[in-house]
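Residues per chain, in single letters:
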Amino acid sequence: MTPVTVVWRYLQGRFVTSVLTVVSVGLGVSLVIASVLLTRGIKEGFIAGATDYNLIVGAKGSPTQLVLNVVFRMDAPTPNIPFSAYEEIRHDPRVEAAVPVAMGDAYQGFRYVATTEAYFAPFSWRRHVPAVSTGRLFRSEPSGKPDYEAVLGVDVARRTGLKAADRFFEGEEMAAYPLTVVGVLRRTGTADDRAIFISLASYWEMNEISRQATVKPLTAVLVRPRRLSDLTALHRGWNVAPDLQAALPTAVLLNVFNLLGLVEDVLVVVLAVVAIVVGLYLFVTMYSATLERRREIATMRALGARRVTVLGIVLLESCAIASLGGLAGILGGHGLAYVGASLLAARGGPVTHALALGALQPLTLGAAIALGTLAGLLPAVLAYRTEVAENLAAL
């Protein structure tokens, strides 16, 4: 009988205990895999969704709130700025591109983004250019004569089931201003996939406050300077204005990553505690099994099995349990990461590549096997030192 056969018989003999131990190891590995994949996916999502515009000009307030709302659609809109501020920015000779943006309410949780056709302009420096896959973009309209046309992000179209020529609105108060779908954007991997784009004229007529206002409101202006050397002067100049602020998206992302770094540090501590608990549980399981099998081990020794063979059998059993738990944990971790990414995406979270494969999976499996070896080492030594005469005396 080979050591592998003996281990298989041992696992079958303590089936329930073995399964529970495998599940415990699997849960620990799942937590590690899911945590790493989600934190990495959130970081990559922020990087992939970052805007190509160097400045975002909005009302005085929190730069982080301004960037998260305008770029990632993740926070409440900041107070409005007048449309005249956009005109002033657009005519600044140091500005290459200026795009007005007004953030509205939402339809089934997807934010309205009012802007102009300049938002979709294919500048050479843009990494992600929103382009329609079906239909067309909304038309530019003069103020006061909106067409109420909407262009949907790909996730909006998929989750709401809306398609070209469909009309929609949310709430009875908006029944007088139904929007008509005229196009669906290609996937960009950014927050644009979860937005509903409309014209500024449509937004101003749909909003009761702006409809009655003589000075039309905006949420922010996306700005790209002609030369990067002008960035500091533009940033400082708009920040000293009484009602405006200029936020640097890169600086806000750096703050977000610093916060994520703190979360990762806490996760490392939590995962280390989980590894210790799983290792102790595996150790107790193997130690109890070894004590129960002292007579069996003594019998094997009496039949000619060497001490090293007995030690190897116990270590092999511990490693087998850890390996099965590691494999189950990798599959379970990917499942948890997929569910977590889907929930975050539904709430507007920037998660990408939550199921990415790489060095993480084999390293985690190797760590699980190493943990199994360590947990089974003392029980294996106990089996190694089992005395034949002492344990067979009571038979």
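Residues numbered from 1 in each chain as written. Predicted model: local features only at pLDDT ≥ 70, side-chain atom pairs only at ≥ 80, totals over all residues. Heavy atoms only, no water.

Enquirer: Help me get a handle on the pattern of salt bridges, residues and values and all.
Expert: Scanning the entire structure with this criterion turns up 12 salt bridges. A single network of salt bridges, built from pairs that share partners, joins Asp155, Arg158, Arg187 and Asp193. (Salt bridge = Lys/Arg side-chain N within 4 Å of Asp/Glu carboxyl O.)

Enquirer: Account for the environment of Ala98, naming residues and giving values.
Expert: Take Ala98: it is sitting in strand 3 (residues 95-107). Residues Ala98 and Val57, 41 residues apart in the sequence, show an inter-C-alpha distance of 9.8 Å. Beyond its immediate sequence surroundings of up to four residues, Ala98 is in contact with Tyr86, Ile89, Arg90, Val221 and Leu222. (Helix = DSSP H or I, 4+ residues; strand = E, 2+ residues; numbered from the N terminus. Contact = heavy atoms within 4.5 Å.)

Enquirer: Report on the nonpolar core, specifying residues and quantitative values.
Expert: Membership of the largest hydrophobic core comes to 41 residues, with the highest contact counts inside it found for Phe168, Ile196, Ile198, Val221 and Trp238. Setting aside residues no more than four positions away along its own chain, Ile196 makes contact with Tyr107, Phe110, Arg111, Tyr112, Val113, Ala150, Val151, Leu152, Val156 and Phe168. Counting 32 residues, the second-largest nonpolar core is a separate cluster that includes Phe46, Tyr119, Leu185 and Leu222. (Core = buried A, V, L, I, M, F, W, Y, C linked by side-chain atoms within 4.5 Å. Buried < 20%, exposed > 50% of the residue type's maximum accessible area, 1.4 Å probe, protein only.)

Enquirer: Explain the packing of aromatic side chains to me, using residue names and the numbers behind them.
Expert: For the structure on display, the rule yields 12 aromatic pairs. For the ring pair Phe83 and Tyr86, a centre distance of 5.2 Å and an interplane angle of 55° mean the geometry is tilted. Residue Phe83 and its partner Tyr86 are located together in helix 4 (residues 83-90), separated by 3 residues, close to a single helical turn. For the ring pair Tyr119 and Phe120, a centre distance of 5.4 Å and an interplane angle of 70° mean the geometry is edge-to-face. Judged by relative accessible area, which is 8%, Tyr119 ranks as buried. Taken together through their ring pairs, the aromatic side chains of Tyr119, Phe120, Phe138 and Phe197 make up a single cluster. (Phe/Tyr/Trp six-rings, centres within 6.5 Å; stacked < 30°, edge-to-face > 60°.)

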